[in-house]
Amino acid sequence: MTAEPTPIRGRCLCATVQFTLTPPTAFCAHCHCQSCRLSSGAAFVTWTGVPHDRFAITAGQDRLRWYRSSDAILWGFCGDCGSSMLYKADREGHHESPKLDRMYVSVGSLIDPMDQPAKVHVSWEERLPWLHVNDGLPKHRGKSDEVIAE
Ligand SMILES: [Zn+2]
Ligand SMILES: [Zn+2]
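Please read all numbers here as calculations on a predicted model, not as lab measurements.

J.: Mind laying out the pattern of salt bridges, listing which residues take part and the relevant values?
T.: All told, the structure shown has five salt bridges when counted by the stated rule. Measuring nitrogen to oxygen at the nearest pair gives 2.8 Å for the salt bridge that ties aspartate 112 to arginine 9. Of this pair, aspartate 112 sits in the loop between β9 (103–106) and β10 (120–122) while arginine 9 sits in strand β1 (residues 8–11), placing them 103 residues apart in sequence. Between arginine 63 and aspartate 80 there is a salt bridge, with the nearest N and O atoms lying 2.6 Å from each other. Here arginine 63 is found in the loop between β5 (55–59) and β6 (64–68), whereas its partner aspartate 80 is found in the loop between β7 (73–78) and β8 (84–89), with 17 residues between them in sequence.

J.: Account for the coordination of the zinc ion (ligand 1), naming residues and giving values.
T.: Protein-derived ligands of the zinc ion (ligand 1) are Cys12 (SG), Cys14 (SG), Cys78 (SG) and Cys81 (SG), with the metal-ligand distances lying across 2.3 Å. Between consecutive donor residues of the zinc ion (ligand 1), the sequence gaps follow C-x1-C-x63-C-x2-C.

J.: Account for the sheet that holds strand β2 (residues 18–21), naming residues and giving values.
T.: Taken in spatial order, the three strands line up as β1-β2-β5 in an open sheet, and their pairing is antiparallel. Each edge of the sheet is formed by a strand with only one pairing partner; in this case those strands are β1 and β5. Geometrically, the sheet is characterised by an average inter-axis angle of 30° between neighbouring strands, direction not taken into account. Here β1 pairs with β2 via four bridges, running antiparallel. Bridging across to β2, arginine 11 finds its partner in glutamine 18.

J.: Lay out the coordination of the zinc ion (ligand 2) in plain terms, naming residues and giving numbers.
T.: In a perfect tetrahedron of four donors around a metal, the angles come out at 109.5 degrees. In a perfect octahedron of six, they are 90 or 180 degrees. Protein coordination at the zinc ion (ligand 2): the donors are Cys31 (SG), Cys33 (SG) and Cys36 (SG), at 2.1 to 2.3 Å from the metal. Sequence spacing of the donors to the zinc ion (ligand 2): C-x1-C-x2-C. Cysteine 33 carries the same exposure label as cysteine 31, and that label is buried.

J.: Report on the pairing of β8, specifying residues and quantitative values.
T.: A regular strand places its side chains on the two faces of the sheet in alternate fashion. Pairing analysis gives five bridges linking β7 to β8, with the strands arranged antiparallel. Across the sheet, the residue bridging to isoleucine 73 is alanine 89, located in β8. Where β7 folds back on β8, the antiparallel hairpin that results is connected by five residues, among which glycine 82 adopts a positive phi of roughly 85°. The pairing of β8 with β9 spans two bridges and is antiparallel. Bridge pairing in β9 links tyrosine 87 to tyrosine 104.

What counts and what doesn't
Residues numbered from 1 in each chain as written. Chains lettered and ligands numbered in written order. Predicted model: local features only at pLDDT ≥ 70, side-chain atom pairs only at ≥ 80, totals over all residues. Heavy atoms only, no water. Salt bridge = Lys/Arg side-chain N within 4 Å of Asp/Glu carboxyl O. Helix = DSSP H or I, 4+ residues; strand = E, 2+ residues; numbered from the N terminus. Donors = N, O, S within 2.8 Å, 3.2 Å for Na, K, Ca; no water. Pairing = 2+ DSSP bridges. Axes fitted to C-alpha atoms, helices over the stretch in contact; angles between N-to-C directions. Buried < 20%, exposed > 50% of the residue type's maximum accessible area, 1.4 Å probe, protein only.

Below, the structure is given as structure tokens:
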């Protein structure tokens, strides 16, 4: 019998909204798309994700708010401090095909170490023009498998 892995904790800036992910996480990627930049105010957002049954809100459920940016996509943030933390799709049809059975979580919202490092840059073609990255990770067009040469 294997013990359940220790959950990875995350929270918003004011700590009203708190949550856990139970490893293994499904992926870890830096996203350079404009939507991520606008939502976060950061140059890019590092995302991970788990199936919904491995994600739990542990505090502040009533303060967690969702902004619907399209028919399919919801962005989760703290209604008190505004921290942007979560992303999910609740309908098929988005051109990037986010998985319906997955809670996407911004790695910057985690307060425990993750079980894996970032492994790829996605939507690299949308990066800020002055951003130079020399980490040896592949850089993909959108969320496709197409690698963009630098
Ligand atoms: Zn907050
Ligand atoms: Zn993005």
